[in-house]
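An overview of the molecular structure
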Amino acid sequence: MEIFGVDIGGSGIKGAPVDLARGDLSEERFKVLTPHPATPDKVADGVREVVRHFGWTGPVGVTFPGVVTGGATIRTAANVDRGWVGTDAGALLGERLGGVPVTVLNDADAAGIAEMNFGAGRGRRGTVLVLTFGTGIGSALFVDGTLVPNTELGHLELHGHDAERHASTKAKDDHELTWEHWARRVQKYLAHVEMLFSPELMVIGGGVSRKAQKFLPLIEGIRAEIVPAELRNNAGIVGAAMRAAATRTDTDAVRAGTPAER
Ligand code: BGC
């Protein structure tokens, strides 16, 4: 079974059809740049461009970099236009895509669902945290495979600042930090998160997980096992498609192999 997944990020909107049995993209993904300002209307156009590129007309799962409640309503927008807050993104995108069903969920939650089913968290019980480092810091918390949605741990306070302003990869780029310097910041952040949740496993995702060997070996003093994400930058797309499948019918969700969703 295939469903289309779209990942709305701070820098790009990317998507592809997803093979739900394999948890992988069935075609090479297509990306457009995130418009600035990233208003609902402009982003919806970007999503349409990505979906149209493949001539896709079926259901679509979409990630959003903010809190999503009630299935599709946006509640926060830290790194995109504030105009999203209160928007029913499912309705907006569904209409823009010509009336197809659209499921929306938080980007880190989507990445987490994909990693728990097909990647670094596969088969892992207990408390697992998937953290994505990019424009912001996203978090997905799992307890025995069940997601606690919208945890927003990127906004924990660290040294009097929003943690993601201090330790995201955007902070690394903006302040031209060395890997060593940035790794110290990430280490402090992980120590803080560990103090609060004592996870058994922390999966480090986002684009920077490609370069995990540059900073993970520099991180010390954390009890939890720390591993890089395996689906890398495709986790959001895969997780979005999985959620869209799960929303359609429970039977499909089981076939699509989404135990973390049950
Ligand atoms: C948002 C989260 C999102 C994360 C990663 C944060 O600024 O508040 O909802 O998951 O960035 O995109």
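Up top is the structure these notes are about.
Residues numbered from 1 in each chain as written. Predicted model: local features only at pLDDT ≥ 70, side-chain atom pairs only at ≥ 80, totals over all residues. Heavy atoms only, no water.

Comments concerning the pattern of salt bridges
Just so we agree on the cut-off: Salt bridge, as used here, is a side-chain nitrogen of Lys or Arg placed within 4 Å of a carboxyl oxygen of Asp or Glu. The numbering of helices and of strands both runs from the N terminus, where a helix is a DSSP run of H or I of at least 4 residues and a strand a run of E of at least 2. With a 1.4 Å probe rolled over the protein chains alone, any residue whose accessible area is under 20% of its type maximum counts as buried; one over 50% counts as exposed, and the rest are partly exposed.
Under the definition given, this model contains ten salt bridges. E230 serves as the salt-bridge partner of R122, at 4.0 Å between the closest nitrogen and oxygen. Here the residue R122 occupies a position in the loop between α3 (107–118) and β9 (127–133), and E230 occupies one in the loop between β15 (225–228) and α8 (235–248), the gap between them amounting to 108 residues. By relative accessible area, which is 46% here, E230 ends up partly exposed. Measuring nitrogen to oxygen at the nearest pair gives 3.9 Å for the salt bridge that ties E164 to R165.

Considering the site of the ligand
Test applied: In this text, near means that some heavy atom of the residue lies within 4 Å of the molecule or strand in question. Polar contact criterion, stated in full: a pair of N or O atoms within 3.5 Å, where within protein one must be able to donate a hydrogen and the other to accept it, and residues adjacent in sequence count only if both atoms are side-chain atoms. In this description, accessible areas are obtained by the Shrake-Rupley approach with a 1.4 Å probe, and a residue is regarded as covered only by the protein chains that are shown. Classes in brief: Ala, Val, Leu, Ile, Met, Phe, Trp, Tyr, Cys and Pro nonpolar; Asp, Glu, Lys and Arg charged; the others, Gly included, polar. For every domain, the bounds stem from an assignment made automatically or drawn from a database.
Taken together, the neighbourhood of the ligand is formed by 13 residues, with N106, D107, E152, H155 and E164 sitting nearest. Contacts to the ligand include G66, whose backbone N or O atom sits 3.2 Å from an oxygen atom. Across the complex, the protein chains shield 93% of the 310 Å² of accessible surface that the ligand would expose by itself. Those elements giving two or more residues to the shell around the ligand turn out to be α3 and β10 (137–143). Within the shell around the ligand, the residues separate by chemical class into four nonpolar, six polar and three charged. Shared between two domains, the shell around the ligand holds at least three residues of each, these being domain 1 (2–106) and domain 2 (120–230).

Interpretation in functional terms is not warranted from these geometric data alone.
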